[in-house]
Amino acid sequence: MSPDKNTSARLLDLVRQEGLAIGDHLPAQWLADQLQVSRTPINDALAFLHDKGVLRREKNRGYFLVKSVDVANPAMRKKLGLAESDAITRAYFAMADDLLKGELPETVSEVLLKTRYELTTSQLQSVLHRIAQEGWAQKKAGYGWTFSDMLTTPDSLLQSYRLRMALEPAALMEPGYRLDPKVIEKCRAAEYHLLDGGIETDTPDQLHERGVRFHESLIEASGNPFFIDTIRRVNRVRRLMSYRSMQDRQRYKEHCQQHLHLLDLLEAGRNEEAADTMREHLSRTLKNHQKIRKLLKP
């Protein structure tokens, strides 16, 4: 599968999660920022989806949504030619799991990865591009790939939460903080989607992206570029560390309820209470550190 199809699947999932409607504009730079990739794969994906009739292109204006697509539906994925991305997703999580269990060496060759995970060359390149973008592997000069040991220790996840616990409540207290009502509406819709069954049916990718978008949306409303940049950097690298904890989905109902409460507080202008609630929301993961250590133990 070519990289544009992999990006296309993620782009369509983003459209669904954001609640975009028919006729909405899909700015390329915004998509690149949300998916944390360069403009090149985004432009390829937009062109691919235009060819499939999902988007329409207007001269000097860009791409607009023509029809809603449930990318989680196997039949729809097959119709669009995206079904093969399942192999990439499986390989991605298998690689993450093996790395967390200590079953992959720090430095590996592409031949080893291709053979171990039964991937074509293009599929392997899609997986490697993704993990490089997320920051937990990098290409060595001339040969092979190196995984970051910083991201695979039990303490790494806890340290990332301690950083977030310091920054995110403070961001809610920034002067001039304002969370746009449309953003509140989209965030609420994402939480209700999970409570209506998405907790059981969404993929680990979808669960992770929903959490990232919720917290980044709240931080972006602070208008402080230092808070925003730091949280985005943390989120780029914490996917691997949080993957194991996603296997326990019972906690997501409570998370959704906490997120909805935070939205209610911010909508009412009760930012001080929201900051305290955010701190408690994040600290619960720290209080549960023994469980996380057990989950991440090789």
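For the structure, check the block above.
Treat the numbers as computed from the prediction; the structure is a model and nothing was measured. (Residues numbered from 1 in each chain as written. Predicted model: local features only at pLDDT ≥ 70, side-chain atom pairs only at ≥ 80, totals over all residues. Heavy atoms only, no water.)

Further remarks concern the overall build of the protein chain. Each helix and strand counted, the protein chain has 14 helices and six strands in total. Buried positions account for 50% of the 298 residues belonging to the protein chain. Considering only residue pairs separated by 6 or more positions, the protein chain has 70% of its internal contacts joining residues 24 or more positions apart. Per element, the accessible surface of the protein chain, about 14,500 Å² overall, is 51% carbon and sulfur. (Helix = DSSP H or I, 4+ residues; strand = E, 2+ residues; numbered from the N terminus. Buried < 20%, exposed > 50% of the residue type's maximum accessible area, 1.4 Å probe, protein only. Contact = heavy atoms within 4.5 Å. Areas by Shrake-Rupley, 256 points an atom, 1.4 Å probe, with all protein chains shown as cover.)

For helix α9 (residues 181-201), with 21 residues, the first-to-last C-alpha span of 28 Å sits near the 30 Å given by 1.5 Å per residue. The largest bend in α9 amounts to roughly 70° and is located at L195. Of the positions making up α9, those classed as buried are I184, C187, R188, A190, E191, L194, G197, G198 and I199. (Expected span 1.5 Å × (residues − 1). Bend = angle between axes of the 7 residues up to and from the residue.)

Now for the packing of α9 against helix α12 (residues 251-267). Remark: α9 packs on α12, axes separated minimally by 10 Å, with the N-to-C direction vectors making an angle of 160°. Here α9 lies roughly antiparallel to α12, going by the angle between them. As α9 runs across α12, the sense of the crossing is left-handed. Residue-level inspection shows I184, C187, R188, E191, Y192, L194, L195 and I199 of α9 in contact with α12, the latter providing Y252, K253, H255, C256, H259, L260, L263, D264 and E267. For the contact of α9 with α12, a count of residues per class yields ten nonpolar, two polar and five charged. (Axes fitted to C-alpha atoms, helices over the stretch in contact; angles between N-to-C directions. Parallel < 35°, antiparallel > 145°, perpendicular 65-115°, else oblique. Left-handed = near helix turned anticlockwise from the far one by under 90°. Nonpolar A, V, L, I, M, F, W, Y, C, P; charged D, E, K, R; others polar.)

Turning our eyes to something else, we now look at the pattern of salt bridges. Here the structure, examined in full by the defined rule, presents 15 salt bridges. Note that E58 and R56 form a salt bridge whose closest N and O atoms lie 2.8 Å from each other. For R56, a relative accessible area of 35% gives the class partly exposed. The residue R188 makes a salt bridge to E267 at a minimum N-O spacing of 2.6 Å. Within this pair, whereas R188 is found in helix α9, its partner E267 is found in helix α12, the two being separated by 79 residues in sequence. Classification of E267 as partly exposed rests on a relative accessible area of 48%. (Salt bridge = Lys/Arg side-chain N within 4 Å of Asp/Glu carboxyl O.)

Positive phi values are uncommon outside glycine, yet N60 reaches one of about 65°. Its relative accessible area of 79% is what places N60 among the exposed residues. Not every positive phi belongs to a glycine, and E118 is a case in point at roughly 55°. The class of E118 is exposed, set by a relative accessible area of 72%.

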